[in-house]
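Observations on chain architecture
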Amino acid sequence: MNYARQSLRNLTRNYRRTIITTIGIAVAGFLMIMWGFFSNGFADTMKRNAIAMSVGDLQIHHPKYRDDPNLFFSMAIAPSYFDKLTQKGFAAAPRRYAFAFAAVADKSAGIELRGIDPEREAQVTIIHNHIHEGQWLQNNNPKGVVIGRGLAKSLGAKIGGELILMTQAADGSLTSDLYTVIGITRAVSSKIDNRSVFLTNDAFAQLMSFPSNAYHEIAIHVLDPNLKTSDARLTVANMEPPGEVSTWEELQPILVRIFAYMRYSFSFSFTLTYLALAGLVINTMFMGVLERTREFGVLLALGTLPRQIILLVICEALWLALVGAIVAVAFALPFGYYIQLNGLDFRAITPQIAVGGLLIESVWYGKISFAQVTTPLVFLFLTLPIASLIPALKASRLNPITALTGR
Amino acid sequence: MIFAFNQFCRSHYLAWTILYAIPSLALGQNGKPLPMKPSTSIISATPAISEVDINKTLDAIDQTWLGSSSKGKISMTIKTNEYTRKLSMDYWSKEKDKTLIRITSPAKEKGTATLKVGKDVYNYLPKIDRTVKVSSALMTGSWMGSHFTNDDLVKTSRLAEDYFAKVTQSKKTSSGEIWEMDLVPKPSTAVTWSKIHLTLNRSAVLPIRQVFHDEDGKPIRTVIFDQVKKLGGRDVPSVLTVTVNEKPGEFTELVYEDINFNSTVDGSFFSTVQLRKL
């Protein structure tokens, strides 16, 4: 018996039933593929935001700085070092940090001063794109500062308004100065939103009586997307760095755990989704076989062996899986490509929020990957024959007389 | 936010005696008082030292630098592992809840002033001609870059009223009777110390040393009172030095150069407007 031809003929004998079953399988496949796209894109976006927003792929610090973020644990860095990094395929942004006191009218708050080089910072992070109101820092406007949205709210600070910064300078003296708020960031992370004031490195040095070649941190972005972070770290470490080189995983272990947790959560939800869809498929196959009791009775009466019945049903399941998979992929790929480019806009429902240092966008982008397409298809090709096995066994054990007469 | 600022000021803890030593500035720190032993009264370690005697002595210690109003000159030397700086200041005070302190040197910081009225603390910044109010969240921040906190200026606590006191040792020396005492905060006293070990000269009724212990009983801060002089008609320790165990080699030293007790200072003097006029 040519099982492929015979099973295909069986399917075409009742087009309506076959089409309905195929649609059910295609919908299941489509949902699984799209769920994979979204999960992939969601996780990828969060990870990218977390790293690219402010951390960078690598950072360099004074050996004692990470354990004790002391103003005096800085690194003396010559400008030529940045050129060396650029030649090796790294973008680098020097940073300075200090704790200070910010005040607007009669409101005050403890904050972290963040001195940056706006031009270099834009090559390493994307924070300059996350301005809620106003504009980002400009090197030619040293008295302009950018603050987080939460801080702006708690101080009552507005664009164009005055901000007082007061702190203890590097020489121990009390120092203060007036600045103008030129920008307010969107939700980035709770630390940046509520406790950070960005100013240029030059303005920082002037306020803090800080050496012009000293920095607390160099954030590095690896320009080659195929270079692993661990390999990039080795390269930078071999370039006589002015301090200790760390990867983003070492700097943000909580983020690493969050992403691992997300992967496990997604895997768990995938499993549940697949199980639910498997139930749908099993039910579809079961009903399909039950409806053909008389047909199987005829086949058995004509001498078809029980194992041949089983193989026929399994082949039918494979045909259905194949057609369903083709239909699912045919719809999923273009739609997936669209949401990869344009995303799904939920801004009318939820704003962009920062939770635990992670930014959750209100526009969700998908990300197509080979695994996200093939995994559901493999699942379909495995599940459908297995799902059809029970009804196939049932059909193979039918009494031909009972099947034909219905008694 | 408090944590971040505390990191900056993590070695700048409360030194209640220092602020208490600046008339009308009192020491204390926000925090939950620890569960106390069910002592209901001051316990004397030796039968010969009565509760009344201990009370009177502590009350006298509390009054060492107090007057209904006063003014004077102090200098403060702050030494850290990174720098050493010296400030000269004028101060005015009225009762316990009004204080105004103004830096007179060095030139870079001249005119910077701190005003305390009740629980509010303000800083005047002459360079930008602005007065800022220190929010409650920043009270644990460093005052003037020293090892004191803004909260030290606000809180008032008195040994005689806010602590259970026990004399653990009494000895007679050539300079007088010396008491070693353990002071444990009462449940209602809002400080984070579990204990203050006080050494005082009972005969002169002057403090010699205080050691502050944290919640685990570990000593974290020491204040030494030295160089007794007659200032404003009273014998007072003119030099107070606070050291922090966590930061060996660092200290803040306060020197009283002049005190005028019971000087005439009007209450209206203590205002934010006055900060700018000085």
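Structure first, text after, so check above.
For the structure given in this document, a descriptive report is provided here. Along each chain, residue indices are assigned from 1 in the same order as the chain's sequence is written. Think of it this way: whatever chain is written first is A, whatever ligand is written first is 1, and the rest follow in order. Per-residue local features of the predicted model are confined to residues with pLDDT of at least 70, and side-chain atom pairs are confined, for both listing and counting, to 80 or more; whole-chain, interface and lining totals are unaffected and use all residues. Think of the side-chain values as coming from all heavy atoms in the structure, minus any hydrogens and water.

Details of helix H1 (residues 3-13) of chain A
Residues and elements named next belong to chain A. To sort residues, take the accessible area from a 1.4 Å probe on protein chains only and compare it with the maximum for the residue type: under 20% means buried, over 50% means exposed, and anything in between is partly exposed. Only DSSP runs of H or I covering at least 4 residues are called helices, and only runs of E covering at least 2 are called strands; the numbering of each starts at the N terminus. Among all positions of H1, only Gln-6, Ser-7, Asn-10 and Leu-11 are buried. Viewed end-on, H1 has its buried residues packed into an arc of 140°, placing them on one side of the element. Packing partners of the buried residues in H1 comprise helix H2 (15-55), helix H11 (293-301) and helix H12 (306-341). Its side-chain oxygen at 3.3 Å from the backbone nitrogen of Ala-4, Asn-2 defines the N-terminal cap of H1. Note: the arc covers the axis-to-C-beta directions of the helix. Any two residues having at least one pair of non-hydrogen atoms within 4.5 Å are treated as being in contact. Pairs of N or O atoms within 3.5 Å make up the polar contacts considered here, provided that, within protein, one atom can donate a hydrogen while the other can accept it, and that residues adjacent in sequence are counted only when both atoms are side-chain atoms.

Things to note about the interface of chain B and chain A
Counting from both sides, the interface comprises 26 residues of chain B and, opposite them, 27 residues of chain A. Buried surface at the junction of chain B and chain A, both sides included, amounts to about 2,400 Å², of which 62% is carbon and sulfur. What makes a salt bridge here is a side-chain nitrogen of Lys or Arg within 4 Å of a carboxyl oxygen of Asp or Glu, nothing more. Seen at the junction of chain B and chain A, the total is three salt bridges. When the shortest N-O distance is used, the salt bridge between Lys127(B) and Asp177(A) registers 3.7 Å. Those elements giving two or more residues to the side of chain B that touches chain A turn out to be helix H1 (2-8), strand S5 (120-125) and strand S6 (130-133) of chain B. Buried area is a sum: the accessible area each of two parts loses on coming together, probed at 1.4 Å, counted once for each and added.

Section: a nonpolar patch on the surface
Note that patches include only residues with greater than 30% relative accessible area and no salt bridge, and the join distances are 9 Å for like charges and 5 Å for nonpolar side chains (Val, Leu, Ile, Met, Phe, Trp, Tyr). To be clear on the numbers: accessible area is Shrake-Rupley with a 1.4 Å probe, and residue cover counts the displayed protein chains and nothing else. A cluster of nonpolar side chains, contributed by Tyr15(A), Ile19(A), Ile23(A), Val27(A) and Leu31(A), occupies part of the molecular surface with about 500 Å² of accessible area. Considering the arrangement of structural elements, one finds Ile19(A) in helix H2.

Overview of the pattern of salt bridges
Residue and element names in this part refer to chain A. All told, the structure shown has 17 salt bridges over all chains when counted by the stated rule. Between Lys-143 and Asp-177 there is a salt bridge; the shortest N-O distance is 3.4 Å. Taken together, the residues Lys-143 in the loop between strand S5 (131-134) and strand S6 (144-147) and Asp-177 in strand S8 (residues 174-185) connect sequence positions 34 residues apart. Put simply, Glu-316 and Arg-292 hold a salt bridge, and the shortest N to O gap is 2.4 Å. Here the residue Glu-316 occupies a position in helix H12, and Arg-292 occupies one in the loop between helix H10 (253-291) and H11, the gap between them amounting to 24 residues. Residues joined by salt bridges that share partners form a network here, namely Arg-95, Glu-121 and Glu-217.

Points about the pairing of strand S7 (residues 163-173) of chain B
A pair of strands is treated as paired once DSSP finds two or more bridges between them. In this structure, S7(B) lies alongside strand S8 (residues 176-185) of chain B, joined through ten bridges in antiparallel fashion. Following the sheet pairing, Thr173(B) is matched in S8(B) by Gly176(B).

Comments concerning the packing of aromatic side chains
Residue and element names in this part refer to chain B. Stacked, edge-to-face and tilted labels apply to pairs of Phe, Tyr and Trp rings (six-membered ring for Trp) whose centres lie within 6.5 Å, assigned for plane angles under 30 degrees, over 60, and everything in between, in that order. In this structure the tally under the stated criterion is eleven aromatic pairs over all chains. Centroid distance Tyr-91 to Tyr-256: 6.5 Å. Interplanar angle 90°. Geometry classified as edge-to-face. You can see Tyr-91 sitting in strand S2 (residues 84-94) and its partner Tyr-256 sitting in strand S13 (residues 251-261), a full 165 residues away along the chain. Taking 5.4 Å as the distance between ring centres and 85° as the angle between the ring planes, the aromatic pair formed by Phe-269 and Phe-270 counts as edge-to-face.

Thoughts on the layout of surface pockets
Residues and elements named next belong to chain A. Both cavities and pockets are sets of points on a 1 Å grid over the protein atoms alone; in a cavity a 1.4 Å probe fits but cannot get out, in a pocket the set is open with protein on both sides within 12 Å along at least five of seven lines, and lining residues sit with an atom within 4 Å of a point. Grid points are joined across faces, edges and corners, and a volume is the space filled by probe spheres set on the points. By volume, the second largest pocket amounts to about 500 Å³. In terms of lining, the second largest pocket is formed by 21 residues, of which the most central are Ile-51, Asp-57, His-221, Pro-225 and Thr-229. Going through the elements one at a time, H2, strand S11 (217-222) and helix H9 (248-251) are the ones with two or more residues in the lining of the second largest pocket. In terms of residues, the lining of the second largest pocket owes the most to one element, H2, which gives five residues. Amino acid classes used here: Ala, Val, Leu, Ile, Met, Phe, Trp, Tyr, Cys and Pro are nonpolar; Asp, Glu, Lys and Arg are charged; the rest, including Gly, are polar. When its residues are assigned to classes, the lining of the second largest pocket shows nine nonpolar, five polar and seven charged.

Some points on the nonpolar core
Formed by 41 residues in total, the largest nonpolar core has its most connected members in Ile54(B), Leu58(B), Met76(B), Met89(B), Met181(B), Leu183(B) and Tyr256(B). To form a nonpolar core, buried Ala, Val, Leu, Ile, Met, Phe, Trp, Tyr and Cys residues must be joined to one another through side-chain atoms within 4.5 Å. In terms of nonpolar packing, the next biggest core, distinct from the first, is built from 29 residues, Ala98(A), Ala100(A), Ala102(A) and Leu207(A) among them.

Digging into the side chain of Thr200(A)
Residue and element names in this part refer to chain A. Topologically, Thr-200 is positioned in strand S9 (residues 196-200). The exposure class assigned to Thr-200 is buried, which follows from its relative accessible area of 1%. The contacts of Thr-200, once residues within four sequence positions are left out, are Gly-115, Ile-116, Pro-118, Leu-137, Gln-138, Asn-139 and Pro-142.

Observations concerning unusual backbone geometry
Looking along the chain, the bond that leaves Ser105(B) and enters Pro106(B) is cis, with omega of 10°. Mapping Pro106(B) onto the fold places it in the loop between strand S3 (98-105) and strand S4 (113-117). At Ser209(A), a position not held by glycine, the phi torsion is positive, near 50°. Although it is not a glycine, Asp129(B) sits at a positive phi angle of roughly 55°. Secondary-structure assignment places Asp129(B) in the loop between S5 and S6. Exposure remark for Asp129(B): the relative accessible area of 30% places this residue in the partly exposed category.

Section: the pairing of strand S3 (residues 90-104) of chain A
Residues and elements named next belong to chain A. With respect to burial, S3 is a largely interior element, 15 of its 15 residues being buried. Where S3 lies against S11, six bridges are found, and the strand directions are antiparallel. Bridged to Phe-90 within S11 is Val-222. Taken together, the ten bridges between S3 and strand S4 (residues 107-116) define a ladder with antiparallel strand orientation. Its bridge partner being in S4, Phe-99 is matched across the sheet by Glu-112.

A few points about H11(A)
All buried positions along H11(A) are accounted for by Glu295(A), Phe296(A), Gly297(A), Leu299(A) and Leu300(A). Note on H11(A): the residue one or two positions beyond its end, Gly303(A), has a positive phi of about 105°.

Some details on the side chain of Glu109(B)
For Glu109(B), the position within the fold is in the loop between S3 and S4. Looking at Glu109(B), its side chain comes within polar contact range of the main-chain nitrogen of Leu174(A), at 3.1 Å. Not counting chain neighbours up to four residues away, the residues in contact with Glu109(B) comprise Ser173(A), Leu174(A), Arg85(B), Leu87(B) and Ile103(B).

Focus on the packing of H1(A) against H12(A)
Residues and elements named next belong to chain A. A fitted line through C-alpha atoms represents every axis, and for helices the fit uses only the stretch in contact; the resulting angles, taken between N-to-C directions, go from 0 to 180 degrees. Contact geometry for H1 and H12: axes closest at 8 Å, N-to-C directions at 70°. Of the possible angle classes, the one that applies to H1 and H12 is roughly perpendicular. Here H1 and H12 pass one another in a crossing that is right-handed. Together, Tyr-3, Ala-4, Gln-6, Ser-7, Leu-8, Asn-10 and Leu-11 of H1 and Arg-307, Gln-308, Leu-311, Leu-312, Cys-315, Glu-316, Trp-319 and Leu-320 of H12 make up the contact between the two elements. Here the residues of the contact of H1 with H12 sort into nine nonpolar, four polar and two charged. For classification purposes, angles smaller than 35 degrees are called roughly parallel, those larger than 145 roughly antiparallel, those between 65 and 115 roughly perpendicular, and all remaining angles oblique. Crossings are sorted by hand: turned counterclockwise from the far helix by less than a right angle, the near helix makes the crossing left-handed, and turned clockwise it makes it right-handed.

So, the packing of H11(A) against H12(A)
All names here are of chain A. The geometry of H11 relative to H12 is characterised by a closest axis approach of 10 Å and an angle of 140° between their N-to-C directions. Taken together, the axes of H11 and H12 lie oblique to each other. Both H11 and H12 take part in a crossing whose hand is right-handed. Taken together, the residues of H12 that come into contact with H11 (itself represented by Phe-296, Leu-299 and Leu-300) are Ile-309, Leu-312 and Val-313. For the contact of H11 with H12, the class distribution of residues is six nonpolar, no polar and no charged.

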